Amino acid sequence: MDTVLPYILVAILVPIVGFLVFLFIFSHVKKYRKITHNVNNTDGFTRKFIFNVQLTKEEF
């Protein structure tokens with residue numbers, strides 16, 4: 001019985017910790033989307049910033 005207890009604790013604690021990490025990450029993503037009004041102005045790797053300007057090249 002003593003050898004089974006650590007496995008039971010791990011089986012219970014790992015999903016709980018995983019769920020808490022998921023909530024932590026999701027809350028930051030939700031907060032970021034709220035601040036930026038769900039506008040993404042970078043490429044996929046956040047290397048280049050992309051802006052949409054309502055002007056022609058000449059006007060810009």
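Above: the structure in question.
In what follows, the accompanying structure is described. (Residues numbered from 1 in each chain as written. Predicted model: local features only at pLDDT ≥ 70, side-chain atom pairs only at ≥ 80, totals over all residues. Heavy atoms only, no water.)

### A word on the overall build of the protein
The number of helices and strands found in the protein is 1 helix and 0 strands. The dimensions of the protein, computed from C-alpha atoms along their principal axes, are 80 × 20 × 10 Å. Within the span of the protein, comprising 60 residues, buried residues form 3% of the whole. Taken as a whole, the protein presents about 6,300 Å² of accessible surface, with 70% of it coming from carbon and sulfur. (Helix = DSSP H or I, 4+ residues; strand = E, 2+ residues; numbered from the N terminus. Buried < 20%, exposed > 50% of the residue type's maximum accessible area, 1.4 Å probe, protein only. Areas by Shrake-Rupley, 256 points an atom, 1.4 Å probe, with all protein chains shown as cover.)

### Concerning the packing of aromatic side chains
Considering all chains together, one arrives at 1 aromatic pair under this definition. The interplanar angle of 15° and the centroid separation of 6.1 Å between the aromatic rings of Phe 22 and Phe 26 together place this pair among those described as stacked. Highlighted residues: Phe 22 and Phe 26, both in helix α1 (residues 5-36), separated by 4 residues, approximately one helical turn. (Phe/Tyr/Trp six-rings, centres within 6.5 Å; stacked < 30°, edge-to-face > 60°.)

### Structural notes on α1
With 32 residues, α1 should reach 46 Å at 1.5 Å per residue; the first-to-last C-alpha distance of 47 Å fits that figure. Note on α1: the residue one or two positions beyond its end, His 37, has a positive phi of about 55°. (Expected span 1.5 Å × (residues − 1).)

### Some thoughts on the environment of Val 14
Along the chain, the position of Val 14 falls in helix α1. Residues Val 14 and Ile 25, 11 residues apart in the sequence, show an inter-C-alpha distance of 17 Å.

### Overview of a nonpolar patch on the surface
Taken together, the side chains of Val 4, Leu 5, Ile 8, Leu 9, Ile 12, Leu 13, Ile 16, Phe 19, Leu 20, Phe 22, Leu 23 and Phe 26 define a hydrophobic patch exposed on the protein surface, amounting to about 1,100 Å² of accessible area. Mapped onto the fold, Ile 16 is located in helix α1. Under the relative-accessibility criterion, Ile 16 is labelled partly exposed at 43%. (Patch = residues over 30% accessible without salt bridge, like charges linked within 9 Å, V, L, I, M, F, W, Y side chains within 5 Å. Salt bridge = Lys/Arg side-chain N within 4 Å of Asp/Glu carboxyl O.)

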